[in-house]
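Remarks on the overall topology
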Amino acid sequence: MEASILLNRLALVFYLASTVGFCFYLWTLRGLVLNSTLVLLLVAFLLQGAELGFRTASTGTIPAASSFESMALFGWLLVGTFLLIQVRYSLAAVGAVVSPVAFSFALTAAAVDGASGSLPRQMASAWLPVHVTLALLGIAIFFVAGCISILYLIEVKRLKNKRSRGLFRSLPPLETLDSLNYRALLWGFPLLTLGMVTGALWGRELWGQLWSRGLSREILALVTWVLYALILEARMVAGWRGRRTARLTLVGLIFLAASYLLGHLIFPGTPGATIE
Amino acid sequence: MERQIVVLGVNHRTAPVEVREKLAFQKEEVPAALLHLLERPSVREAAILSTCNRVEVIACVGAGADATDQIIEFLAFERGVCAEDFRGFVYSLVGKEAIRHLFRVSSSLDSMVVGEPQILGQIKDHYGLANQAKATGTVLHKLFHKAFSVAKQVRTETGIAGKAVSVSSAAVDLARKIFEKLDDKTAMLVGAGEMSELAARHLIGHGIGSLIVTNRTFDRAVEMARDFHGTAVPFEEMQRYLRLADVVIGSAGGADYLITRDQVQKILRERKQRPMFLIDMGVPRNFDPEINELDNVYLYDIDDLGSVVEENRDEREREALRAEAIIQREVDEFWQWFSGLEVVPTIVALRQKVEEIRQREVEKVLNSSKGNNVPREVLDGVTSAIVNKILHEPITKLKQGGDPQTEALYLEAARKLFGIGEKEREDGSAG
């Protein structure tokens, strides 16, 4: 366990540094600042990845026993998603959101580390890691889509108000942000769907029924799923785009966050709870 | 001072486009307007400069009269606007300040984008119009030619135009903030203004996919389409082709909006809300400003573009300081010439010059061996008589003056012919 703690502390330092780096970059717009910040974030990502690997190896299952652990895992997946997109598009503003999120989640998980035990034996199942990973990855992608939507709305506002200075003066073109948002939905939706299905299967295995843990939460998750399905449908069939879809993506993210938090904060006793 | 140079007008800094568009002159209107202006009692020479960013009257006026009020009245009358509606936006410069202003404008120091090259061509055009209308005389001829040479000097000696940042490149920058790439986009040019042509060139330079050109005169549209390897469409069918356009540049003249909010709303539905970028280079404006309230449409008028390009200003401003120094030197030089254009000082200088020559030659004779037996009084008498006889006619003509334009012409001629105000040649051989 010693190694994983060390890795965790190091990752925290690098996450913090990259958070500062992104803010500094947005202020100065120097290419060198951005590149070094991305390296810092990549190192943080690898360190945390190694930490998670150690934990998985020592417990035999994915480190998502407590809400906090799953949040840290979420932060890690989020950073991974961001880094993948950043390879092709310059989205430093998203990085400035993603790195503090990863930092605070990893910090929280580390702070309550001692409190969380391992999962009760009867809850361990082959479905759990699959379910958790898919669902969290889906949420991470939707989270990035939400950030991109916010940037889109900011850029629209700046263009409409004819502003050319300020913190957001070098955002990618609107068209790029819009299509990135679309692609994020295209990737996120199937992952979320699979996450929900595997969650349901896991629940059946555990309690013998598909609808198991708090009806309100399941309904909320279903509403979120339907909402995303509608957004995708509006984009693909009705050709919606721009401000309207950006706003809807944000509404979807709020629902998603609500159903996630409902599982973790209102029923904190439910171990290993994640969205499904 | 018997005459004065004044510049009166509005520009992008003192007046919003709503005011400028009311005062703007179409090129065809300028000659007639100049004739009206010259009918005003104190106006002797005049030129009108009307561009998207400024409307200015440059005039040589008689002394004493309040030319400012007369020119404001003229603008109000000519444009059918109440003088009080724009008086507050007007700047009125006299003498050296007026000269400096014109030099700064021609050198593009007063432009929205400092260093942009368009303005010099526009001034040349408007000077040509004033010439055609015979509204310019000695003073304005000299003033404008000086303005052109100052502009050239500033251009070659300072880095003010080093980076080609202009309103048109600002438009391209904005297009790239909206569109991911331009090579699959279509631009449409409505009307054939100088600015819009430049913007089109910039877009082509940045690889815009295709170009549609329309103009009230179809032949002109065809001509431009050939220039730009685009497609010309009849003006009446603009509506139909608008839906194809991702970027629309307007610079057609006309009092009414060419494209309204409702039209764009309809087009957007047909385009499935694919974004549009409308650039309004027209003054008066071509596109209804309310279009900007629609989703997925971005409308920029000429003023908006100006504020966008502020970013690159700093560097240019440093160079501008050097340009100001050049201009200061040229203003002083011109001022020296201009203040010489006065009857009394010219006559005094003329007499003085000739008298000096006469005395010098008399001394020469007296000092030489030939002149020993000639009394000084006789020599003085004879030479003075000759000098006075020769000077009599020119001085009378200068005093009579005649109409203001001829007067300035005579003064200028006298000073040139007798070398007044030039550096004295000290060798004395001229005698």
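Quick caveat: nothing in here was measured; it's all calculated off a predicted structure.

About the criteria used
Here the residue numbering is sequential within each chain, running from 1 through the sequence in written order. Chain letters start at A and ligand numbers start at 1, both assigned in the order the entries are written. Since the coordinates come from a predicted model, pLDDT governs what is reported: local features require at least 70, and pairs of side-chain atoms require 80 or more to be given and counted, while whole-chain, interface and lining totals use all residues. Under the scheme used here, helices are H or I runs from DSSP no shorter than 4 residues and strands are E runs no shorter than 2 residues, and both carry numbers assigned from the N terminus. Labels follow a simple rule on C-beta atoms placed from the backbone: if 20 or more others lie within 10 Å of a residue's own, it is buried; if 12 or fewer, it is exposed; otherwise it is partly exposed. What counts as a contact here is a pair of residues whose C-beta atoms, placed from the backbone, lie within 7 Å. Two strands make a pair as long as DSSP finds a minimum of two bridges between them. Fitting a line to C-alpha atoms yields each axis, with helices limited to the stretch in contact; the angle taken between N-to-C directions then spans 0 to 180 degrees. If an angle is under 35 degrees, it is roughly parallel; if it is over 145, roughly antiparallel; if it lies from 65 to 115, roughly perpendicular; otherwise it is oblique. Helix crossings fall into two classes, left-handed where the near helix is turned counterclockwise from the far one by less than a right angle and right-handed where it is turned clockwise. Nonpolar residues are Ala, Val, Leu, Ile, Met, Phe, Trp, Tyr, Cys and Pro. Charged residues are Asp, Glu, Lys and Arg, and all others, Gly as well, are polar.

**With respect to the overall build of chain B**
Tallying secondary structure elements over chain B gives 17 helices and 10 strands in all. For chain B, the residues scored as buried account for 43% of the 431 residues in total. The contacts of chain B with a sequence gap of at least 6 include a subset with a gap of at least 24, amounting to 74%.

**Details of the environment of E363 of chain B**
Position of E363 of chain B relative to the elements: it lies in helix α15 (residues 343–367). Along the sequence, E363 of chain B and R376 of chain B sit 13 residues apart, while their C-alpha atoms lie 9.0 Å from each other.

**Focus on the sheet that holds strand β2 (residues 43–50) of chain B**
Residue and element names in this part refer to chain B. Spatial ordering of the open sheet is given by β2-β3-β1-β4, a layout of 4 strands whose pairing is antiparallel. Each edge of the open sheet carries a strand with a single partner, namely β2 and β4 (91–94). Across the sheet, the mean angle separating the axes of adjacent strands is 15° when strand polarity is ignored. Each of β1 (3–11), β2, β3 (54–62) and β4 is contacted by helix α3 (residues 67–79), which is oriented at about 135° to β3, the strand it contacts most.

**Things to note about the environment of I5 of chain B**
Tracing the chain through its elements places I5 of chain B in strand β1. If near-sequence neighbours (up to four positions away) are discounted, I5 of chain B is found in contact with C60, G95, A98, I99, V139, L143 and F338 of chain B.

**With respect to the packing of α15 of chain B against helix α16 (residues 376–400) of chain B**
Residue and element names in this part refer to chain B. Where α15 meets α16, the axes come as close as 10 Å, and the angle between the chain directions of the two elements is 160°. As summarised for this structure, α15 and α16 are arranged roughly antiparallel, according to the angle between their axes. In terms of crossing hand, the pair formed by α15 and α16 is right-handed. Facing V343, T346, I347, L350, R351, V354, R358, V362, V365 and L366 of α15, the residues of α16 in contact are R376, L379, D380, T383, S384, V387, L391, I395, L398 and K399. For the contact of α15 with α16, the class distribution of residues is 12 nonpolar, 3 polar and 5 charged.

**Concerning the packing of helix α1 (residues 2–28) of chain A against helix α2 (residues 31–59) of chain A**
Residues and elements named next belong to chain A. The contact between α1 and α2 brings their axes to 8 Å, and the two run at 160°. Between α1 and α2, the angle falls in the class roughly antiparallel. Crossing of α1 over α2 shows left-handed handedness. In the contact of α1 with α2, the residues fall into 19 nonpolar, 8 polar and 2 charged.

**Structural notes on the interface of chain B and chain A**
Residue-level contacts link 18 residues of chain B with 12 residues of chain A. If you list the elements that add at least two residues to the side of chain B that touches chain A, you get α8 (167–178), β10 (297–301) and α13 (302–308) of chain B. Looking at the side of chain B that touches chain A, its residues break down into 6 nonpolar, 4 polar and 8 charged.

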